[in-house]
Amino acid sequence: MGILSPHYHINQAAGITIDIAQDGSYTINCCQVSTDHKQLIIEKKLGVKEDVEGIAKQLDAKIPIALNLTGKGILTKQVVAASGDEQQDMAKIIPNLNVADFYLQQFTSNDQLFVSLVRKTLADHWINILEQQGFTVLMLSLGPFAASHMLNQLNVYENDVVFNGIQISRDAELNWTAVGYSPAFQAPFPFKIGAEPIDQQLIMPYAAAFQLVLADKLEPVKAIVDATDARYLQIIGTKKLKVTGALILGVFFILLLLNFVTLSWLNSENSRLDGQVSLSANSSSDMQMLTEQIKAKEALLKDMGWDGGFNKARIIDQLAALLPGEVTLKEIAINPPDINNKDSRGQHFLDRRIKLTGNSQQVIAVNEWIARIKTLKWVKGAGLDNFEFDNDQNTGKFNIIINY
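The rules we used
- Residues numbered from 1 in each chain as written.
- Predicted model: local features only at pLDDT ≥ 70, side-chain atom pairs only at ≥ 80, totals over all residues.
- Heavy atoms only, no water.
- Helix = DSSP H or I, 4+ residues; strand = E, 2+ residues; numbered from the N terminus.
- Rg over C-alpha atoms; globule rule 2.2 N^0.38 Å.
- Buried < 20%, exposed > 50% of the residue type's maximum accessible area, 1.4 Å probe, protein only.
- Contact = heavy atoms within 4.5 Å.
- Areas by Shrake-Rupley, 256 points an atom, 1.4 Å probe, with all protein chains shown as cover.
- Pairing = 2+ DSSP bridges.
- Axes fitted to C-alpha atoms, helices over the stretch in contact; angles between N-to-C directions.
- Core = buried A, V, L, I, M, F, W, Y, C linked by side-chain atoms within 4.5 Å.
- Salt bridge = Lys/Arg side-chain N within 4 Å of Asp/Glu carboxyl O.
- Disulfide = S-S within 2.5 Å.
- Polar contact = N/O pair within 3.5 Å; in protein donor to acceptor, adjacent residues only side chain to side chain.
- Phe/Tyr/Trp six-rings, centres within 6.5 Å; stacked < 30°, edge-to-face > 60°.
- Arc of directions from axis to C-beta.

1. Focus: the overall build of the protein chain
- Within the protein chain, the regular secondary structure consists of seven helices and 19 strands.
- Its C-alpha atoms give the protein chain a radius of gyration of 58 Å, clearly above 22 Å, the size a compact globule of 404 residues would have.
- Its C-alpha atoms give the protein chain principal-axis dimensions of about 170 × 45 × 40 Å.
- Sorting the 404 residues of the protein chain into buried and exposed places 37% on the buried side.
- When contacts within the protein chain are restricted to residue pairs at least 6 apart in sequence, long-range pairs at least 24 apart make up 64% of them.
- A total of about 23,600 Å² of accessible surface is found on the protein chain, and carbon and sulfur atoms cover 54% of it.

What follows is the structure, encoded as structure tokens:
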């Protein structure tokens, strides 16, 4: 499912920063952003508001919220970060701390650890106010540390960054070394994110929303709040379920479409083959009928003695040309009647045969004629059928059969 992972994150969110002053008053700033996997766009800039209702009137309640709390009630302690896998002891950092009463946030920059905490009652108070307006809070961050992911987007060319009462000190490698708070810390020049101008009081709302929409690609700086973390995981799980379900539905649809196309093609091919088989069967039947008719006509022609239009005059001329002087030709019969084969259909003929009848005083002359006849190309065979000598006429009678 790695291909689908870009669809599992939140692509639209609003960051709301509540800055609590020392006298208990507060200001609210909001920035709404969205991402299309290629770029992040600032959609709305709402500040400064003095109540949540003012935000609710201009912000769609369906958009998830990243809440950022700064000012009074937020305690930050800076210590040297533990090395390697060594766990930081919160009891040593903040003595007599009852962890159950606070939401805790940790931010590490190089060798410095910034631990921020807020009483659960204070944070829950603001979370409940937002939820009463229909918003869903998915992430809580404390102080300016959520801005660590987006400071490189600002048009800042010095190590120290100053905006909206906050001063962030950084070393040459841009690692955070200290954080200071004073109303005097105001930006000396207008800020831009890329080509987009942004007021200094909107930097923290933007940073909170930024890390919410990119939570799957970076490690958000946020307080550990079971309720908001559970809602975040639930929304991501719902997105996964919807995307996976849509993918499965799409795959099934494609398979059904392929199945439909395949079955339609097979049905069309089957109909075509059925037509060919029917045509072939009809052609075979017609061919068989024609074959039988041809055989019947050939049999009839054979019975009639037809030999296919052979040039009989030429045959007779060639036979006569080879006739010896001692032989007298009396009769030539081409395809003569078969006297031994008669049935109900009538007379039959000897196909492809020639019968020569004549007289000769000597059989030698007859045999010489047969030898000459055999030299003809169209002659397949020739032989003396009989020779009888007639004493009364002092000559012999013969019959010669030629196959051609």
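Still more to cover.
2. Quick word on the sheet that holds strand 10 (residues 166-170)
- The strand order across the open sheet formed by three strands is 9-10-11, and the pairing between neighbours is antiparallel. The sheet is open, and its two borders are formed by strand 9 (161-163) and strand 11 (176-181), each paired with just one other strand. The mean angle between the axes of side-by-side strands here comes to 10°, regardless of whether they run parallel or antiparallel.
- In terms of strand pairing, strand 10 meets strand 11 through five bridges, oriented antiparallel. Looking at the pairing, glutamine 167 lines up with glycine 180 of strand 11.

3. What to know about the nonpolar core
- Met150, Leu151, Leu154, Phe163, Tyr206 and Leu212 are the most contacted members of the largest nonpolar core, which has 40 residues in total.
- Of all the elements in the fold, those that place two or more residues in this core are strand 2 (26-35), strand 8 (137-142), strand 9, strand 10, strand 12 (191-193), helix 4 (203-213) and helix 5 (226-304).
- Broken down by element, the residue count for this core peaks at nine residues, all from helix 4.
- Excluding its chain neighbours within four sequence positions, the residues that come into contact with leucine 212 are Ile10, Ala13, Pro64, Ile65, Ala66, Leu138, Met139 and Tyr232.
- Formed by 28 residues, the second largest nonpolar core is a distinct cluster that contains Val52, Leu69, Ile74 and Tyr103.

4. A closer look at the sheet that holds strand 17 (residues 353-360)
- Sheet architecture is open: four strands sit in the order 14-17-19-18, paired in antiparallel fashion. Because the sheet does not close on itself, it has two edges, and the strands there are strand 14 (327-334) and strand 18 (381-390). Across the sheet, the axes of successive neighbouring strands diverge by a mean angle of 20°, strand direction being ignored.
- Taken together, the eight bridges between strand 17 and strand 19 (residues 395-403) define a ladder with antiparallel strand orientation. Looking across to strand 19, one finds that glycine 358 is bridged to phenylalanine 398.
- Contacting strand 14, strand 17, strand 18 and strand 19, helix 7 (residues 363-373) crosses the sheet at an angle of about 165° to strand 18.

5. Looking at unusual backbone geometry
- Its identity as a non-glycine residue notwithstanding, asparagine 110 has a phi of 60°, on the positive side.
- Note that asparagine 110 resides in the loop between strand 6 (102-109) and strand 7 (112-119).
- We classify asparagine 110 as exposed; its relative accessible area is 55%.

6. Concerning the pattern of salt bridges
- Counted according to the given criterion, the structure contains six salt bridges.
- Among the ionic pairs, lysine 222 bridges to aspartate 229, the shortest N-O distance being 3.1 Å.
- The class for lysine 222 is partly exposed, based on a relative accessible area of 25%.

7. Details of the state of the cysteines
- Within this structure, the stated rule accounts for zero disulfides.
- Between cysteine 30, a free cysteine, and cysteine 31, which holds the nearest cysteine sulfur, the sulfur-to-sulfur gap is 7.0 Å.

8. A few points about the side chain of glutamine 32
- Summarising the element assignment, glutamine 32 is placed in strand 2.
- A relative accessible area of 4% places glutamine 32 in the buried class.
- A polar contact is formed between the side chain of glutamine 32 and the side chain of glutamate 43, at a distance of 2.6 Å.
- If near-sequence neighbours (up to four positions away) are discounted, glutamine 32 is found in contact with Gln12, Ala13, Ala14, Ile41, Ile42, Glu43, Lys44, Leu59 and Ile63.

9. Section: the packing of aromatic side chains
- For the coordinates displayed, the defined rule picks out 11 aromatic pairs.
- On the basis of an interplanar angle of 70° and a centroid distance of 6.5 Å, the ring pair of phenylalanine 114 and tryptophan 176 is categorised as edge-to-face. Here tryptophan 176 lies in strand 11 and phenylalanine 114 lies in strand 7, a separation of 62 residues in the sequence.
- Aromatic ring contacts, followed pair by pair, group Phe107, Phe114, Phe145 and Trp176 into a single cluster.

10. Side note on helix 7
- Three or more residues of helix 7 are buried, namely Ala365, Val366, Trp369, Ile370 and Ile373. Down the axis of helix 7, the buried side of the element spans an arc of 145°, and every buried residue falls inside it.

11. Brief notes about the environment of threonine 395
- Summarising the element assignment, threonine 395 is placed in strand 19.
- Once the C-alpha coordinates of threonine 395 and leucine 122 are considered, the two residues, 273 residues apart in sequence, prove to be 155 Å apart.
- Those residues in contact with threonine 395, other than ones at most four positions away along the chain, are Asn359, Ser360, Gln361, Glu388, Phe389 and Asp390.

12. Some details on the environment of glycine 358
- With respect to the secondary-structure elements, glycine 358 resides in strand 17.
- Judged by its relative accessible area of 1%, glycine 358 falls in the buried class.
- For glycine 358 and threonine 328, which are 30 residues apart along the polypeptide, the C-alpha to C-alpha distance reads 5.4 Å.
- With sequence-adjacent residues up to four places away left out, glycine 358 is seen in contact with Thr328, Leu329, Lys330, Gly396, Lys397 and Phe398.

These results come straight from atomic positions and should not be treated as a statement about function.
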